[in-house]
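Summary of structural features
Chain residues, written in single-letter form:
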Amino acid sequence: MKKCVVIGGGIAGLTSAVYLSKSGINVELIESSNKLGGRAYSFKDTATGSIIDNGQHILMGCYEETLKLFRLINAEDNLIYQDRLSIPFLNSNSKLYKLEATKLFYPLNLLMGLLNYNVLKFEDKVSVIVFFIKLAFSNKNKLKGLTVEEWLFRENQSENLRKSFWEIVCVGALNSSTKKASAELFASILKKMFLHGNEASTLIIPKLGLSETYCKPAEEFLLKNETSISFSENVLELVIQNNSVKKIITSKREIEDFDYLISAVPLPVLKKFYTDNELAKINLENSCIVSIHIWLKENYLNEKFYGLIDSSVHWIFNHGDHITLVISDANYLVDKEKEEIYKMCLEEIKKYASISEETVKHYKVIKEKRATFIPTPETLTKRPGTKTKITNFFLAGDWTDTRLPATLEGAVISGKKAAGYIIKNLE
Ligand SMILES: Cc1cc2nc3c(=O)[nH]c(=O)nc-3n(C[C@H](O)[C@H](O)[C@H](O)COP(=O)(O)OP(=O)(O)OC[C@H]3O[C@@H](n4cnc5c(N)ncnc54)[C@H](O)[C@@H]3O)c2cc1C
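Quick notes on the rules
- Residues numbered from 1 in each chain as written.
- Predicted model: local features only at pLDDT ≥ 70, side-chain atom pairs only at ≥ 80, totals over all residues.
- Domains from an automatic or database assignment.
- Contact = placed C-beta atoms within 7 Å.
- Nonpolar A, V, L, I, M, F, W, Y, C, P; charged D, E, K, R; others polar.
- Buried ≥ 20, exposed ≤ 12 C-beta atoms within 10 Å, placed from the backbone.
- Helix = DSSP H or I, 4+ residues; strand = E, 2+ residues; numbered from the N terminus.
- Pairing = 2+ DSSP bridges.
- Core = buried A, V, L, I, M, F, W, Y, C linked by C-beta atoms within 7 Å.
- Axes fitted to C-alpha atoms, helices over the stretch in contact; angles between N-to-C directions.
- Left-handed = near helix turned anticlockwise from the far one by under 90°.
- Bend = angle between axes of the 7 residues up to and from the residue.

**Here we look at the domain arrangement of the protein**
- Assigned domains within the protein: domain 1 (3-63 + 208-284 + 376-425), domain 2 (96-201) and domain 3 (286-373).
- Between domain 1 and domain 2, the C-alpha centre-to-centre distance is 32 Å.
- Tallying the contact residues gives 9 residues for domain 1 and 17 residues for domain 2.
- Grouping the constituent residues of the side of domain 1 that touches domain 2 by class yields 6 nonpolar, 2 polar and 1 charged.

Here it is in structure tokens:
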């Protein structure tokens, strides 16, 4: 039986391991921390006993490969699905607006949803509709090198529209402002989200903490398929001879009994144990996401989540026993004290959701400094593919060339593709 070592137990590495083991390949998964999930996991908050995520994750109906993986590992019931797109928004007067597809057939349902979204003026709604019609027939080569902001200017999207619509969509989808993000990538995901049927445009949120949602089912699947998982083991060095990885040196041992190797670790980690001139030239700028978990004495919020219009806090997620505020594109908060961030957010959401210091029981701020990379126009051409120059060594991870931003879906696609090369090799 052929053996593959997978380095990294984030969702990319888990995906590779799942597909390889399903194909009857002997898999050994090596993870440096004491848990699976990488940048998408949950844990017990010691002060309250609540299970909280390191950062709230939103999936979409267009996450085809992630949903396939979830079905395979028996985790699809751990998600909350929408029948049609529905996003409640609050403005700074606590007024609720819904961007909601109607019950009509697609794409009329989305069109009517947009026409009913009264945050936008009539001329702005028409402007968005014209934008999407042009997008459906657009040639992505015309967007090469442009930022989203440059593209929006070119398409005469008004300032109000950019602020109360496009900035929210761009920051939500790319964790980057319109000023930096690639127009080409944004166009490609807008097509996937809104031009591929009703289901693709719906939002999906985990029912449970992320670790229960997919890490545990993935671990159970792997153990059933006799995959060995080693925790708290750091890969430190690869020994390469005759264009093939012969030995993996870890913090615990030296591994030689393998045929293939997949790395599913972030780029800076890969650079530490694999020297490659092309990789050395790539530097992806990180973008932080800050989550502020707040336990309230009484929670009056009715919806599962809210987008906030024209606010430094982008989302409120309602978990019943606590709420989570999410700030994306948050590099400006990296050096701020957690208490300062909490106070700043409380001041902000007072206007949106009548939450004040007196109503708070407890809070916890989590800064994920390297949540995603910033997908600038330049990064699009730099991301490496799955194959390396080394014949038995493949790359996975959300930062590899998936043609998607750093997302669960990108990571899953990368992990499946790496496994696919190995499975094909053995056929
Ligand atoms: C706060 C936050 C919010 C997010 N929100 C969303 C969202 O709403 N929707 C969405 O789709 N995506 C979201 N993302 C992005 C998503 O989480 C990532 O794209 C995805 O989890 C990346 O998975 P990965 O497997 O490629 O990498 P990682 O998750 O980084 O996995 C890499 C793994 O490798 C391990 N490792 C590192 N070094 C070594 C070593 N030397 N040896 C062995 N193992 C090692 C790490 O411990 C880690 O487990 C968010 C991310 C964050 C942080």
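**Here we look at the pairing of strand E16 (residues 305-308)**
- Of the two faces of E16, only one is covered, namely that formed by Tyr306 and Leu308; the face formed by Phe305 and Gly307 stays uncovered.
- Here strand E7 (residues 86-90) pairs with E16 via 2 bridges, running parallel. Residue pairing for E16: Leu90 is matched across the bridge by Leu308.
- Counted between consecutive antiparallel strands, the loop separating E16 from strand E17 (residues 315-318) contains 6 residues, among which Asp310 sits at a positive phi close to 55°.

**Some words on the nonpolar core**
- Formed by 83 residues in total, the largest nonpolar core has its most connected members in Cys4, Val6, Val18, Phe186, Ala218 and Ile262.
- Considering every element that reaches this core, the biggest residue donor is helix H6 (residues 159-174), with 8 residues.
- Once you skip the residues sitting within four places of it in the chain, Cys4 turns out to touch Leu20, Ile25, Val27, Phe258, Asp259, Tyr260, Leu261, Ile262 and Ile422.
- Listed in part, the 25 residues of the second largest apolar core include Ile316, Ile327, Tyr342 and Ile355.

**Some details on the packing of helix H1 (residues 11-22) against helix H8 (residues 210-224)**
- Across the interface, H1 lies against H8 with an axial gap of 10 Å and an inter-helix angle of 30°. For the pair H1 and H8, the sense of crossing is left-handed. On the side of H1, the interface is formed by Leu14, Ala17, Val18 and Ser21, while H8 contributes Ala218, Phe221 and Leu222.
- Of the residues belonging to the contact of H1 with H8, the class tally is 6 nonpolar, 1 polar and no charged.

**Focus on the sheet that holds E17**
- Across the sheet, 7 strands lie side by side as E8-E7-E16-E17-E18-E15-E19; this open sheet has mixed pairing. Across the chains shown, the open sheet's two edge strands, defined by having one partner strand only, are strand E8 (96-100) and strand E19 (360-373). Sheet twist, expressed as the mean angle between neighbouring strand axes with direction ignored, is 25°.

**Things to note about H6**
- When the local axis directions of H6 are compared, the greatest deviation, roughly 40°, occurs at Trp166.
- Those residues of H6 that fall on the buried side of the exposure criterion are Leu161, Ser164, Phe165, Trp166, Glu167, Ile168, Cys170, Val171, Ala173 and Leu174.
- On its buried face, H6 is in contact with helix H4 (122-136), helix H5 (148-154), helix H7 (183-194) and E16.
- Asn175 sits one or two residues past H6 and shows a positive phi near 50°.

**What about the sheet that holds strand E1 (residues 3-7)?**
- Reading across the sheet, the 5 strands line up as E10-E2-E1-E14-E20 and stay open at both edges, with parallel pairing between neighbours. Two strands close off the open sheet at either side, each with one partner strand: strand E10 (228-230) and strand E20 (393-395). Direction aside, neighbouring strands of the sheet carry axes that sit 20° apart on average.
- As paired strands, E1 and strand E2 (residues 26-30) are joined by 5 bridges and run parallel to one another. Paired with Val5 across the two strands is Glu28, which belongs to E2.
- In the packing of helix H13 (residues 408-425) onto the sheet, contacts are made with E1, strand E14 (260-263) and E20, and the angle to E20 comes to roughly 155°.

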